[in-house]
Each structure stands twice: as C-alpha cells, then as structure tokens.
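Each chain, written out:
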Amino acid sequence: MVIALLSVLTLVAVRLLGADLWQLLVLAVAAVLLHAGALTAARRPWTGYALAALGMLLLAAMPSLSWSPVMLPSAVCFPLMLWLLTARVPFRSSAAALAVAVLGIVLTELVAWARLPADLPARLGEGGLLMLVVGGLWLAALLVRRRHEAGRRAESERLAAAVADERAGIRRDLHDVIAHTVTVMVARIEAAAVTTADPATRRELGDIAETGRDAHQGLRAMLATLGPRADARPISLDALPDLVASAASPLHAVTFDEVGARRPLSLSAEVAVVRTVQEGITNALRHLVPPVEVTVRLHWTPAEVAVEVRDDGGTALRGAGGQGAGLMGIEERVRTAGGTLSIDDGDDGWVLRARLPTKKAA
C-alpha cells in the first residue's frame, strides 16, 4: 500500500511536469499489473511473476520521459516477485525467472539507448546496477531457500527417528511381555504332557506346545517388521516374585532370591532389572529341554544392584529357530540405565548378569 501510494504521487508529479494523459495511463496500467502480481504470487508464484514481468515490459516500452520509467516505485514489486518465485520453485525454474529478469533489463536499456544514443555510459551504468540488484536478490533468495530445505530435512529426519524409536520400543515391549508369556505357557504345557499318564492326552498337549512354539516364532517374525522406546507403565520390582512363580512348573524349577536392603532405582534401571529377569527366564525355558532349574538372584549394595539369572543347562539344548532381538533389547536397556550386561556360557548352563547403579542418597 505504501508503494502504491508513492506511485500515485509520482504519477501526479509527472502530470504536473507535462506528461501526456496516455503516458500516465500506461504507467498506471503497469503499476496495477505489478501490484496484481504481488497479490497473486502468494498462491500462484508463476502467475504473479508473469503479471509483474508484463508490467515491467510496459515501463520499458514507454516513450522517453524526463526520467527512467523503471524508477516508478511500483517497479519494486518485480524483484519481490523474483524473490518469492526463487524461494518456492525448483532451481531450474528460478534460473529461468532470473533469465527473464536479465532479459528485461537488457531490453529496457537497449530501448533507452536507441532513443538517446549519446547516453550510452548512463545506460551501461544503470543496467549494471540493475543486474547487480537482481542477481544479488536471486542469490540471497536461493540461499534462504536452501537453508529452509535443510531445516525441513533435519526436522523430517528427527521425526523419522522418533517414529523408528517408538516402533522399536513397541517391538521390544511386545517381545518382553508377550513372548515371555507364550514361552511360559508352552513350558507348562510340556510339563503337563510329561506328567500325564494318558498317551492321547500327552500327544494332544505335545501338539498344543508345538503350536505355541510356532506362534512364538510367528510373533518374532512380526516383531522384525517393526522397527526402538516405550517404557510407559513399566512392571515394578514388586512384581518379580509373581513373575518368577508364574514360570515354574513340575519340569521347570524357577526360584527367586533377594539379598540385601533394596535401594531406590531410576525408572530406567527398574525397568532394566525386570526385563533382564524376564528375558533370562524366557531364554532358559525356550532354549533348554526340561527338566530345567533356573535361579533368579538380586544382590543389593549401597551403590548398585546385581541381577543374576542362572540355569543348569537342562537335559539338552533345543533349536530356537534363529536368534531373536530380546538380548539386544535388554543390553540397550541396561546400557541406557548406566549399567553393564554380561552373558556367560559355563559347563553347567548359562548365566545372565546385569549391574545397575542405585540412586544416590540426597
């Protein structure tokens, strides 16, 4: 609006200086095209730029006045259109827009020089200045656009990382909770099959156990499609005795022992303790042929809690059908909580150990 008002005042001054009415009309039409382009460019950059270029063409074709027509205040709209276009369209399109602007400047100065051949130095000076302004504006718009694109890419990458983190968290918690439950269920069914005296019932229970193992493998395959963090609503340490007891059966002796006074843990450390116990029991029941003995032990000191899940190796090692993501998830949980994880394969079975720091007293 300010530029339009300045252009109106300029037209009034030109009229007072003796310009013809039709010249004022051409200048007014050019100004209207330039401002219409500025209003249109917000939604249609190319349309706005075309209107502004047409307005500049009218100014360049104006018969000689006592001043250069491109000095009309509304002409400022044209470089503004170039800026908006460069910021919104691909590089090649913005380069084409720059070429149009350069061609317009050359045309303007050639027309002015044809009317006043002796004014060549002034034409060269004005053309060079306009070239610098337009070229500098185009480069600045290009740099701003690339910086914005880099920011958008970084934001997209952060969003993708957050989504991947959430998906992997879902995968990890599904493995920790559902896989553990399915494994315990299969182990108890196998124990029932061994203790029953009816051959038909034994076969039926064996088929059910095999179906459970297949379901567990299918679950692992499905979790592989999810791609890590969802520690919301974690299981607390108070649930460990029930967790251990639920895994016991006539063929699976699972015991729990806790030594020392409990110390406060961070939320991530408490989750890591529960998930380590859960994963250790799950692996023992899934990989070992019963009868199996599993011992879960927590040893508290003022500085840390040591978690140990030990099995006796069972009667044989059962093929697990491929390595899952459970231990990798546990290792990540323990490391995130500031602890360490180790896995030992001894002559009498496996030992899963985790050491996690306790909270310092305030």
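Everything discussed here concerns the structure shown above.
Predicted model, so just to flag it, every value in this text is computed and none were measured.

Draft legend 1. Examining the packing of helix H9 (residues 267-287) against helix H10 (residues 326-336) more closely. The interhelical angle for the contact between H9 and H10, taken along N-to-C directions, is 160 degrees, at an axis separation of 9 Å. With respect to their mutual orientation, H9 and H10 come out roughly antiparallel. Crossing of H9 against H10: the hand is left-handed. Every residue of H10 that contacts H9 at Val271, Ala272, Arg275, Thr276, Glu279 and Asn283 is listed here: Gly326, Leu327, Ile330, Arg333 and Val334.

Draft legend 2. View of the packing of helix H3 (residues 45-60) against helix H4 (residues 77-88). The contact between H3 and H4 brings their axes to 9 Å, and the two run at 155 degrees. In terms of orientation, H3 and H4 fall into the roughly antiparallel class. For the pair H3 and H4, the sense of crossing is left-handed. Counted together, Pro45, Trp46, Gly48, Tyr49, Ala52, Ala53 and Met56 of H3 and Phe78, Met81, Leu82, Leu85 and Arg88 of H4 form the full contact between these two elements.

Draft legend 3. The pairing of strand S3 (residues 292-300), seen in detail. With burial as the criterion, only one face of S3 is covered, namely that bearing Val292, Val294, Val296, Leu298 and Trp300; the residues Glu293, Thr295, Arg297 and His299 on the opposite face remain uncovered. Relative to S3, strand S1 (residues 252-259) runs parallel, the two being bridged by 8 bridges. For Glu258, the partnering residue across the bridge sits in S3 and is Leu298. Note: S3 against strand S4 (residues 304-311), 7 bridges, orientation antiparallel. When the bridges of S4 are listed, Leu298 appears paired with Val307.

Draft legend 4. Region of interest: the nonpolar core. Counting 32 residues, the largest nonpolar core has Val273, Val277, Ile281 and Leu298 as the members making the most contacts within it. Secondary-structure elements contributing two or more residues to this core are helix H6 (120-195), helix H8 (240-247), H9, S3, S4, H10 and strand S7 (349-357). The element contributing the most residues to this core is H9, with 8 residues. Ignoring anything within four residues of it in the chain, the contact list for Leu298 reads Leu240, Phe256, Asp257, Glu258, Val259, Val273, Val277, Val305, Ala306 and Val307. Core analysis: the next-biggest nonpolar cluster, separate from the first, contains 28 residues, Leu24, Leu34, Leu72 and Val134 among them.

Cut-off values and rules
Residues numbered from 1 in each chain as written. Predicted model: local features only at pLDDT ≥ 70, side-chain atom pairs only at ≥ 80, totals over all residues. Heavy atoms only, no water. Axes fitted to C-alpha atoms, helices over the stretch in contact; angles between N-to-C directions. Helix = DSSP H or I, 4+ residues; strand = E, 2+ residues; numbered from the N terminus. Parallel < 35°, antiparallel > 145°, perpendicular 65-115°, else oblique. Left-handed = near helix turned anticlockwise from the far one by under 90°. Contact = heavy atoms within 4.5 Å. Buried < 20%, exposed > 50% of the residue type's maximum accessible area, 1.4 Å probe, protein only. Pairing = 2+ DSSP bridges. Core = buried A, V, L, I, M, F, W, Y, C linked by side-chain atoms within 4.5 Å.

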